[in-house]
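# Residue-level structure breakdown
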Amino acid sequence: MTHPVQIPFLNLTSEIERIRPEIDQAIARVLDSGEFIFGPELSAFEAEFAAYNGMLHAIGVSSGLTALKLMLQAYGVGPGDEVIVPANTFIGTWLAVSAVGAVPVPVEPEFDTRNLDINLVPGAITAKTRAILAVHLYGAPCDMDALRHICCVRQIPLLIDAAQSCGAEWRNSRTACLGDAAAFSFYPTKNLGALGDAGAVVTNSAEVAERIRHLRNYGMTNRYRHDCKGENGRLEELHAAVLRVKLRHLETNNRKRSELAAHYLEIFADRVEIGVQRVPSYGRSAWHLFTIAVANRDQVADKLKKSGVGTLIHYPVPPHLSAVYWVEMRKLNVLPVTEKLSDTILSLPLQPLLDETSVRRVANILGEVIR
Ligand SMILES: Cc1ncc(COP(=O)(O)O)c(C=O)c1O
């Protein structure tokens, strides 16, 4: 019996193997230095990551969720406030808002871009709205011109959950630098992934940067002087050293993701039953994920698995239907676009070490499965 060629959804070990000597060197440098928290690797990474995003400040923190929480706190978001969020996102976006005591106000996406339906945003803004927290889902930018305009008119900060969009662009600028601040996750599977949990906030505001630096370190301003209720949200030297290595490879890897995505798009161009993500013309996606929307999604995923192709679902349960938000969000009734996406969305393999042949193989198998 012949076994089908295996194309896993993601193979992180092989990704790391390709740059293993550089990673080993970075880890050895930290071990030799004897500095494990707040050392030269963190300062260097923060400077390099700020420059990469075209921002003045980057503050390394312990995870994407911490980055989101501290960013919201630094903008004064708290109990009694509302924050506009996409209805379809990883639940971490909403949880950050809840964690600071504010209420997430979900706005439906457009089905084809999977991102915030800009026409619905103004109607969701109330006197309590303290910020818009936009997500560039799967790496594809939201309409930043429209969001900037809305935030400017309403005089509220435009904050970005950039967990999935490291390297994404809008009109040839990094999307992160077009908001007031952006929060990143360096979870291992992300375009810029650490060897564990890590995150960062980038901003041009020295005041916000300073507040986040205090908040991530127990609210400490000077040694054992605490002026706010902070937390332990620090980014460790080992992670910073490895992230510096990976940052050097990010552009090459993002280019590769973009080439692979272009192959999928070309092959699926006349397959209307395969709903690919539309990227607005001024945007350049970081292609964190390549998603399609298909009928009978679970059966399609199952057949792909039997043919050796790994897939994942981002996300099968939208935040408002998850147990944690079910009661709070009951009054919303339904969010039909979000719910349709969660029923039909499927992520195909897309990682820099794949080649065109693998992508064509996945696309051919998918074509046969759907037929
Ligand atoms: C959109 C989004 N927001 C927030 C997060 C939370 O990041 P982390 O897992 O690093 O806390 C993630 C990633 O997991 C994400 O994809």
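See the structure shown above.
Here is what the cut-offs are and how they apply
Residues numbered from 1 in each chain as written. Predicted model: local features only at pLDDT ≥ 70, side-chain atom pairs only at ≥ 80, totals over all residues. Heavy atoms only, no water. Helix = DSSP H or I, 4+ residues; strand = E, 2+ residues; numbered from the N terminus. Rg over C-alpha atoms; globule rule 2.2 N^0.38 Å. Buried < 20%, exposed > 50% of the residue type's maximum accessible area, 1.4 Å probe, protein only. Areas by Shrake-Rupley, 256 points an atom, 1.4 Å probe, with all protein chains shown as cover. Axes fitted to C-alpha atoms, helices over the stretch in contact; angles between N-to-C directions. Parallel < 35°, antiparallel > 145°, perpendicular 65-115°, else oblique. Left-handed = near helix turned anticlockwise from the far one by under 90°. Contact = heavy atoms within 4.5 Å. Core = buried A, V, L, I, M, F, W, Y, C linked by side-chain atoms within 4.5 Å. Salt bridge = Lys/Arg side-chain N within 4 Å of Asp/Glu carboxyl O. Disulfide = S-S within 2.5 Å. Near = heavy atom within 4 Å. Polar contact = N/O pair within 3.5 Å; in protein donor to acceptor, adjacent residues only side chain to side chain. Nonpolar A, V, L, I, M, F, W, Y, C, P; charged D, E, K, R; others polar. Pairing = 2+ DSSP bridges. Lys, Arg positive; Asp, Glu negative; His and termini not counted.

Turning our eyes to something else, we now look at the overall build of the protein chain. The secondary structure content of the protein chain amounts to 13 helices and 15 strands. For the protein chain, the C-alpha radius of gyration of 21 Å lies close to 21 Å, the compact-globule estimate for 371 residues. Each of the three principal axes of the protein chain carries a C-alpha extent, and together these read 70 × 55 × 40 Å. Across the 371 residues of the protein chain, 56% fall into the buried class. Total accessible area computed for the protein chain in this model is approximately 16400 Å², and 53% of it derives from carbon and sulfur atoms.

On to the packing of helix α2 (residues 20–33) against helix α9 (residues 237–268), then. Orientation of α2 relative to α9, taken along the N-to-C sense of each, is 150°, at an axis distance of 9 Å. When the interaxial angle is binned, α2 and α9 end up roughly antiparallel. Here the hand of the crossing between α2 and α9 comes out right-handed. Contacts from E22, I23, A26, I27, R29 and V30 in α2 reach E237, L238, A241, V242, R244, V245, R248 and H249 in α9.

If you look at the biggest cluster of nonpolar residues, it comprises 44 residues, and the most contacted ones within it are F45, F49, I132, L147, F184, F186 and L192. If near-sequence neighbours (up to four positions away) are discounted, F186 is found in contact with F45, F49, L192, G193, A194, G196, A198, G199, A200 and L243. The next biggest cluster of nonpolar side chains, apart from the first, holds 29 residues, and it includes Y75, V83, V100 and M329.

A few words on the pattern of salt bridges. Across all of its chains, the model carries 23 salt bridges by this definition. We note a salt bridge from D24 to R20, for which the minimum N-O separation is 3.1 Å. Here the residue D24 and the residue R20 both occupy positions in helix α2, the gap between them amounting to four residues, near one helical turn. Under the relative-accessibility criterion, R20 is labelled partly exposed at 38%. One connected set of salt bridges, linked through shared partners, spans R29, E41, E48 and R244.

One pass over the full model with this rule turns up zero disulfides. Considering cysteine sulfurs only, C151 is the nearest to C142, which forms no disulfide, with 11 Å between them. Its relative accessible area of 2% is what places C142 among the buried residues. Left without a disulfide partner, C166 is nearest to the cysteine sulfur of C177, which lies 13 Å away.

What follows deals with the environment of G101. Topologically, G101 is positioned in the loop between α5 (92–99) and β3 (103–107). The exposure class assigned to G101 is partly exposed, which follows from its relative accessible area of 35%. In this structure, the C-alpha to C-alpha distance between G101 and L147, residues 46 residues apart in sequence, is 24 Å. Beyond its immediate chain neighbours, meaning those up to four positions away, G101 contacts G78, P79 and G80.

This part is about the site of the ligand. The immediate surroundings of the ligand are formed by 13 residues, with G64, L65, D161, S185 and K190 found nearest. L65 has a polar backbone atom sitting 2.8 Å from an oxygen atom of the ligand. Between the ligand and K190, the relevant distance is 3.2 Å, taken from an oxygen atom to a side-chain nitrogen or oxygen of the residue. Compared with its free state, where it exposes 380 Å², the ligand has 90% of that area covered by protein. When grouped by side-chain class, the residues that make up the shell around the ligand number five nonpolar, six polar and two charged.

In spatial order, the strands read β1-β9-β8-β5-β4-β2-β3; together these seven strands make up an open sheet with mixed pairing. Looking at strand neighbours, the two that pair on one side only are β1 (57–61) and β3, the edges of this open sheet. The mean angle between the axes of side-by-side strands here comes to 25°, regardless of whether they run parallel or antiparallel. When β1 meets strand β9 (residues 199–203), the two strands line up antiparallel, connected through five bridges.

Below, the discussion takes up the pairing of strand β4 (residues 129–135). Extensive coverage of β4 is indicated by the burial of six of its seven residues. The pairing of strand β2 (residues 82–86) with β4 spans three bridges and is classified as parallel. Paired with E82 across the bridge in β4 is T129. Bridge count between β4 and strand β5 (residues 158–161): four bridges; the pairing is parallel. Paired with A134 across the bridge in β5 is I160.

Right, let's talk about the side chain of K246 for a bit. Here K246 is to be found in helix α9. Put simply, K246 is tucked away with no salt bridge, and the nearest opposite charge, on E15, sits 6.9 Å away. Beyond its immediate stretch of four places on either side in the chain, K246 contacts I19, L192 and G193.

The next thing to look at is helix α4 (residues 64–74). Within α4, nine of the eleven residues are buried, which leaves it mostly tucked inside the rest of the structure. Considered for burial, the residues of α4 that qualify are G64, T66, A67, L68, K69, L70, M71, L72 and A74. In this structure S63 caps α4, since a side-chain oxygen of it lies 3.4 Å from the backbone nitrogen of L65.

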